[in-house]
Every structure is written in C-alpha cells, then in structure tokens.
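Below, each chain spelled out in residue letters.
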Amino acid sequence: MPNPFLSFTLKAILLLALGFGIHIGTLYLLDFSLFDNNIVLSYIINGILIILIFGVLYLLRQKLKSQLGFIFLIGSFLKFAVFFIVFYPIFKMDGNISKLEFAAFFVPYATGLVLETTSLSKWLNALE
C-alpha cells in the first residue's frame, strides 16, 4: 500500500497545478490580467499549508487519533490566519477587496480544502 502522505502530496500538487491552469485560463478568456493579485503566491502558500497540515495529521495519526478532527480545524484556522497576515493587508491597500483578489485566494483555498477533506475522510475510514 502506498504511503498516504506521499500520495496526498502528489495529488495536491497535481490538483493545484490543474486548478491554477484553469484559473489562469479563465482570467485569460475574460481578458483580465493573469498574474495580478498575488495569485502565484496564493497557490504556493495554500499548497504548502495543505501538505504541511496533512503531514502533521499523518505523523499524529496513532498518538492523537481521537483528536485528529480538532487538529484539522486548527489547520484551517492557520490557513485563515495566513490569509489575514499575508494577503489581507495587500488586498486592502486600495480600500476594498475585489472579486479577483478574493478569487486569487479563495480558489486555491477551496480546492485544497476539498482535497484535504476527502483524502482525510478516506484515510481515517481506512484506519478503523
């Protein structure tokens, strides 16, 4: 059986790369600037965070099995904290957060969240 962490990491990289391609393609088709709003940084930071959070969950899977859900929620809090520390000040420089700025953060965040949730659910069900 392949290592769940390595499998997740590969899936995360591929899914975020695909999501990034679709996101950039959509911006291109709608004639918006492709690399504004820190979109690359957002995908990279979200990718690192979801891999890091899943890695921590994987390392603690035996020791803190009954608390993994809470640790997952702490990871989600961490991602929001990063948003407010890194992205929010940049996005609010002009006084408002545009839909494109919101999408630059939220699309990779949501993509990662769906992957994390489904992968973690399958993985935890297999542990039982």
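Look up: the structure comes first, before these words.
I will try to describe carefully the structure that is included in this document. (Residues numbered from 1 in each chain as written. Predicted model: local features only at pLDDT ≥ 70, side-chain atom pairs only at ≥ 80, totals over all residues. Heavy atoms only, no water.)

## Considerations on the environment of Ala-12
Turning to its location among the elements, Ala-12 is positioned in helix α1 (residues 4-29). On the basis of relative accessibility, which here comes to 0%, the residue Ala-12 falls in the buried class. Here the alpha-carbon distance between Ala-12 and Ala-126, two residues 114 residues apart in the chain, equals 20 Å. Apart from the residues lying within four places of it in its own chain, the contact partners of Ala-12 are Ile-50, Ile-51 and Leu-115. (Helix = DSSP H or I, 4+ residues; strand = E, 2+ residues; numbered from the N terminus. Buried < 20%, exposed > 50% of the residue type's maximum accessible area, 1.4 Å probe, protein only. Contact = heavy atoms within 4.5 Å.)

## Examining the packing of α1 against helix α2 (residues 39-59)
Packing of α1 against α2 leaves a shortest axis separation of 10 Å and a crossing angle of 160°. Judged by the angle between their axes, α1 and α2 are roughly antiparallel. In terms of crossing hand, the pair formed by α1 and α2 is right-handed. Between α1 and α2, the contacting residues are Pro-4, Phe-5, Phe-8, Thr-9, Ala-12, Ile-13, Leu-16, Gly-19, Phe-20, His-23, Ile-24 and Leu-27 on the first element and Ile-39, Val-40, Tyr-43, Gly-47, Ile-50, Ile-51, Phe-54, Gly-55 and Tyr-58 on the second. Tallied by class, residues from the contact of α1 with α2 come to 16 nonpolar, five polar and no charged. (Axes fitted to C-alpha atoms, helices over the stretch in contact; angles between N-to-C directions. Parallel < 35°, antiparallel > 145°, perpendicular 65-115°, else oblique. Left-handed = near helix turned anticlockwise from the far one by under 90°. Nonpolar A, V, L, I, M, F, W, Y, C, P; charged D, E, K, R; others polar.)

## Thoughts on the layout of surface pockets
Computed from the structure, the largest pocket encloses a volume of approximately 270 Å³. Lining the largest pocket are 14 residues, with Pro-4, Ser-7, Lys-11, Ser-119 and Trp-123 positioned closest to its centre. Those elements that place two or more of their residues in the lining of the largest pocket are α1 and α4 (99-127). Of all the elements, α4 adds the most residues to the lining of the largest pocket, at six residues. (1 Å grid on protein atoms, 1.4 Å probe; cavity = no way out; pocket = protein on both sides within 12 Å on 5 of 7 lines; lining within 4 Å. Points joined across faces, edges and corners; volume = space filled by probe spheres on them.)

## Considerations on helix α3 (residues 68-91)
Given a rise of 1.5 Å per residue, 24 residues ought to cover 34 Å, and the 33 Å separating the end C-alpha atoms of α3 matches this to within 8%. Bending of α3 peaks at approximately 35° at the position of Phe-84. Every buried residue of α3 is accounted for by Leu-68, Ile-71, Phe-72, Gly-75, Ser-76, Lys-79, Val-82, Phe-83, Phe-87 and Phe-91. (Expected span 1.5 Å × (residues − 1). Bend = angle between axes of the 7 residues up to and from the residue.)

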